[in-house]
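Architecture at a glance
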Protein chains: 2
Amino acid sequence: MKQGSRTALVVDAILRKISSRALQPGEKLPSIRGFASTMQVSPSTVVEAYDHLAAEGTIFARRGAGFFVGRSTQPFAVSEVGPQLDRSVDPFWVSRQSLDAAPDALKPGCGWLPADWMPNTAMRQALRNLGRSDDALLSDYGSTQGALNLRRLLARQFIDEGLNVGPDQVLLTPSGTQAIDLICRFLLRPGDTVLVDDPCYFNFQALLRAHRVELVCVPLTQSGPDIELFEQALIQHKPSLYITNSALHNPTGATLSPQVAHRVLNLATSHDLVIIEDDIFAAFEPSPSPRLVTMEGLDRVIRIGSFSKTLSASVRCGYITARADWIEALTDLQVATNFGGPSPVATELIYSVLSNGSYRKHMEALRNRLTKHRREVATRLTSLGVTPWLMPRGGFYLWCSLPEQVNAADLAKATLVENIVLAPGNVFSVSQSMTSFMRFNVSQMSDPKVFEVLERGLEAR
Amino acid sequence: MKQGSRTALVVDAILRKISSRALQPGEKLPSIRGFASTMQVSPSTVVEAYDHLAAEGTIFARRGAGFFVGRSTQPFAVSEVGPQLDRSVDPFWVSRQSLDAAPDALKPGCGWLPADWMPNTAMRQALRNLGRSDDALLSDYGSTQGALNLRRLLARQFIDEGLNVGPDQVLLTPSGTQAIDLICRFLLRPGDTVLVDDPCYFNFQALLRAHRVELVCVPLTQSGPDIELFEQALIQHKPSLYITNSALHNPTGATLSPQVAHRVLNLATSHDLVIIEDDIFAAFEPSPSPRLVTMEGLDRVIRIGSFSKTLSASVRCGYITARADWIEALTDLQVATNFGGPSPVATELIYSVLSNGSYRKHMEALRNRLTKHRREVATRLTSLGVTPWLMPRGGFYLWCSLPEQVNAADLAKATLVENIVLAPGNVFSVSQSMTSFMRFNVSQMSDPKVFEVLERGLEAR
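The numbers attached to residues start from 1 for each chain and follow its sequence in the written order. For naming, the first written chain is A and the first written ligand is 1, with later ones following in the order written. Given that the model is predicted, a residue must reach a pLDDT of at least 70 before its local features are reported, and side-chain atom pairs must reach 80 or more before they are shown or counted; all residues, however, enter totals for whole chains, interfaces and linings. Just so you know, side-chain values use all the structure's heavy atoms and leave hydrogens and water out.

Here's the deal with the pattern of salt bridges
Within this document, salt bridges are pairs made up of a side-chain nitrogen of Lys or Arg and a carboxyl oxygen of Asp or Glu, the two lying within 4 Å of each other. This model, assessed by the stated rule, comprises 28 salt bridges over all chains. When the shortest N-O distance is used, the salt bridge between Arg185(A) and Asp181(A) registers 3.9 Å. In this pair, Arg185(A) and Asp181(A) both sit in helix α8 (residues 176-187), four residues apart, roughly one turn of the helix. Assigned by exposure class, Arg185(A) and Asp181(A) land together as buried. Here Glu376(B) makes a salt bridge to Lys372(B), at a shortest N to O gap of 3.5 Å. Taken together, the residues span about one helical turn, with Glu376(B) and Lys372(B) both in helix α15 (residues 358-383) at a distance of four residues. Accessible area is worked out with a 1.4 Å probe on protein chains only. A residue is then buried under 20% of its type maximum, exposed over 50%, and partly exposed in between. With relative accessibility at 40%, the residue Glu376(B) sits in the partly exposed group. The helix and strand labels rest on DSSP assignments: H or I over at least four residues marks a helix, E over at least two residues marks a strand, and numbering proceeds from the N terminus.

Concerning the relation of the copies chain B and chain A
The atoms used to superpose the copies are C-alpha atoms, taken from residues with pLDDT of at least 70 in both, and the fit is least squares. In the superposition of chain B on chain A (RMSD 0.3 Å, axial shift 0.1 Å), the rotation amounts to 180 degrees. In symmetry terms, the pair is related by a two-fold rotation axis. Contacts are assigned to residue pairs that have any heavy atoms within 4.5 Å of one another. Comparing interface residues between copies, 99% of those in chain B also lie at the interface in chain A; the contact surface is shared.

Regarding the side chain of Asn338(A)
Mapped onto the secondary structure, Asn338(A) falls in helix α13 (residues 324-338). Contacts described as polar in this section are N or O atom pairs within 3.5 Å, which, within protein, must combine one atom able to donate a hydrogen with one able to accept it, while residues neighboring in sequence count only if both atoms come from side chains. Of the polar contacts made by the side chain of Asn338(A), one reaches the side chain of Ser175(B); its length is 2.7 Å. Apart from the residues lying within four places of it in its own chain, the contact partners of Asn338(A) are Pro174(A), Ser175(B), Thr177(B), Gln178(B) and Arg316(B).

Here's the deal with a negative patch on the surface
All names here are of chain A. Surface patches are drawn from residues lacking salt bridges whose relative accessible area is over 30%; two like charges belong together within 9 Å, two nonpolar side chains (Val, Leu, Ile, Met, Phe, Trp, Tyr) within 5 Å. Throughout, the Shrake-Rupley method with a 1.4 Å probe supplies accessible areas, and for residues the shown protein chains are the sole cover considered. Asp and Glu are treated as the negative residues and Lys and Arg as the positive ones, with His and the ends of the chain left uncounted. Where a charge lies is defined by one atom per residue type, namely NZ (Lys), CZ (Arg), CG (Asp) and CD (Glu). Side chains of Asp-447, Glu-452, Glu-455 and Glu-459 sit close together on the surface and give a patch of like negative charge. Positionally, Glu-455 belongs in helix α17 (residues 448-459). According to the relative accessible area criterion, Glu-455 is partly exposed, its value standing at 38%.

Notes on the packing of helix α2 (residues 32-39) of chain A against helix α3 (residues 43-55) of chain A
Residue and element names in this part refer to chain A. Note on method: axes are straight lines fitted to C-alpha atoms, helices fitted across the in-contact stretch only, with angles between N-to-C directions ranging 0 to 180 degrees. One way to put it is that α2 packs onto α3 with a least axis distance of 8 Å and a crossing angle of 110 degrees. When the interaxial angle is binned, α2 and α3 end up roughly perpendicular. Counting all contacts with α2, which are made through Ile-32, Phe-35 and Ala-36, the residues of α3 involved are Pro-43, Val-46, Val-47 and Tyr-50. Only Asp, Glu, Lys and Arg are considered charged in this grouping, and only Ala, Val, Leu, Ile, Met, Phe, Trp, Tyr, Cys and Pro are considered nonpolar; every other residue, Gly among them, is considered polar. Considered class by class, the residues forming the contact of α2 with α3 number seven nonpolar, no polar and no charged. Angles are sorted into four bins: roughly parallel if under 35 degrees, roughly antiparallel if over 145, roughly perpendicular if 65 to 115, and oblique for all others.

Some thoughts on the interface of chain B and chain A
Residue-level contacts link 93 residues of chain B with 93 residues of chain A. Put simply, buried area is how much 1.4 Å-probe accessible surface two parts lose in total, over both of them, once they are put together. Both sides of the chain B and chain A interface together cover about 7,800 Å² of buried area, and 52% of this is carbon and sulfur. On the surface where chain B and chain A come into contact, there are eight salt bridges. Counting every contact that joins chain B to chain A gives 41 residue pairs in polar contact (both at pLDDT 80 or more). For the side of chain B that touches chain A, the leading source of residues is helix α13 (residues 324-338) of chain B, giving nine residues. Residue composition of the side of chain B that touches chain A, by class: 40 nonpolar, 29 polar and 24 charged.

Things to note about the domain arrangement of chain A
Residues and elements named next belong to chain A. As used throughout, domain bounds are those supplied by an automatic or database domain assignment. Looking at chain A, the domain boundaries give domain 1 (6-69), domain 2 (85-116 + 359-459) and domain 3 (118-357). Taking only C-alpha atoms into account, the centre of domain 2 sits 24 Å from that of domain 3. At the junction of the two partners, domain 2 supplies 34 residues and domain 3 supplies 39 residues. Both sides together, the interface formed by domain 2 and domain 3 hides about 3,200 Å², and carbon and sulfur atoms give 62% of it. A per-residue breakdown of the area domain 2 buries against domain 3 is headed by Tyr-359, Arg-393 and Val-430, which together make up 26% of the total. If you look at where domain 2 meets domain 3, you find one salt bridge.

Below is the structure:
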């Protein structure tokens, strides 16, 4: 088929109808004679065009019934749902590069601690204990809400923080991401609007795209969302949901102030906004900072969290704490989509490590180690003209601005060739305004090669 | 508020507008003065009605801006998506009753083997091995497609069956149900139509309802779907997806014949139908029976499976084998909704048991044990007037018709009081035509109490 030919014009006309949904998947195409007349071409040109489209699988012939728009050729590709940004730095970029990196890759862009910083001794002990447990724990499905011992332990922690819940209001999930996903399935419908911080954790964007919702963002300040723009966004876009990290915000490390928290909650009430507070970095705080959920209760705030950052990302488990009636409905939804709660073997391992006497000491040592690394890495980065936006109270992230005119995505692509995975700013930004920012994980920068390659990369730009 | 009062009329009018979506969630209600005029009542009556609706949380007041339809009060409840059947025997009934049963409950209605029938010795060995593995396996996220060793092992099995795939065409998931869920997210949109067997596994219905699709069903014969009604359903309802078990069909134990398989595939091609073949019971077959996926390849058939029935339901993992381009998109979707593949600790345990020399012998003994139990239970049930619809070639289910005029749901409710969980026919039936059928799990009927209670229950009816 020649470009610009009559046949190509007919092919293009049909493809436009399909992409604009004027022709739906499964729908019958116009008759050959009719469409020939519409397009002012001969019927044989239409036949040729339809044959071409059938050969490439876009449409298909049904014997004696004509041509139909194919279905199996156009399933849902989540990476195509949002605006087609530069594919190489879309919200999947860091996930795929860091999760599937070669074993010898260096990953200052990844979102987890090195394996030898994790509580592996307690985990090995937990595995030995599990090997001596009874058959049922090793082979049966667990209960629909997940293991009671772990739900009790979490509820006790929450009560200590001033959030009055029982274990019945805790639902365990197979991962923290699945906790958010389950809530999105429960609260959202395609076309709804969701508010996120700018910048925010890149996988919020990927996940929300999978729910086919509109994303709007509000700039983050060092003490939470910019409250005037937050209110404007509520008025203008009427989002039904806001997803945020209050403590040790990802990627910035910012901490929500009590004043901003109070105002966010008042606006949420007057605009009927539900909030997911993702509390995955809680254990890295030196002391507890304000939480929306402890200020408001569980009327319109949902807390989620997981153990992947502090305990193990290999044994995965997340949780949801929410209103009792929502937990009931979320449990049904989890039965439908996962047949039951998370793996009992996984929850038992996590319970076992959390209740091991050594875990508290391990976490204390880990927080001190991270404080030291944050300072050292900040100093070294600053000497390269890479400036932390703030010094976080805890955790392993430094959100930094690059020297003038350095494009973070270009730098990340260049270092990837040298087997170093970075996390360029725009993967975190719905507004795509973080071109010259970079998120660094201070725990993954002990190899001198990281700074060598970074320095070379910055000089080349 | 009195029933039939003017206020109640205004309340009803607003509720009707909300339920018909004439008033959308978040939308402003009519002004008090305007609606008073519309309804020909006084403004104070409308105020009273709005206050009542606000008090019960249906609407809410925004200071100075009027009343708005609430959002947080009406989230998505999956159990309400389908037609509201008798709630007590809906597709969630068996899941919730059997997963959350008391430890001493007897469960002839559940879908798994007793814990002491499972390969626990090999699992304990696997846990000991895991305790000696390196830190990375215990604490890091795995790769996005899941562990390569397990994908290689599965691909080799598939090649042995004649399905030519490499490990790149296998995606590991956190469970078999999540494998189906991920495919549904990929292929379906709300309002699409999906075809299932009648009867079919009850959780297919629960899962598909969560995707807000229309369900149509086709009667199952002893050798697969009734092929004439199958074709009629394709013509009449234009489903985009068909979900089935080819071997040891759940709940019937039926086996797809080569002739029916061939015709199903031809109809799928001419009607552009995608098929999910859920192969979760494969290891229970005495010898392999026909599979759609091995006859067709992976053009429009997707194979899914898991290890929950044969290896452990506590260490969960599922898999998808599909076209390479679909696996790529499904991997992105899994990153978005789960951040990465299944737990590496889980996949390592499963790989370890599968590749343990004792596993093959264990499965052989298990198949023989089940054959004996199927025969014995069938004989005892028959003596009670409970007749197996067919004698399955393998597995642990017997799909039985009850004596005339016995309602399976009533019987199940009665035995539940005596701590015995049964699986009444209609939970498996989209058409709700299986009122007098019951699924029995022969491995869960060794306690004489099961038959005593069953006999008493049947006599009472």
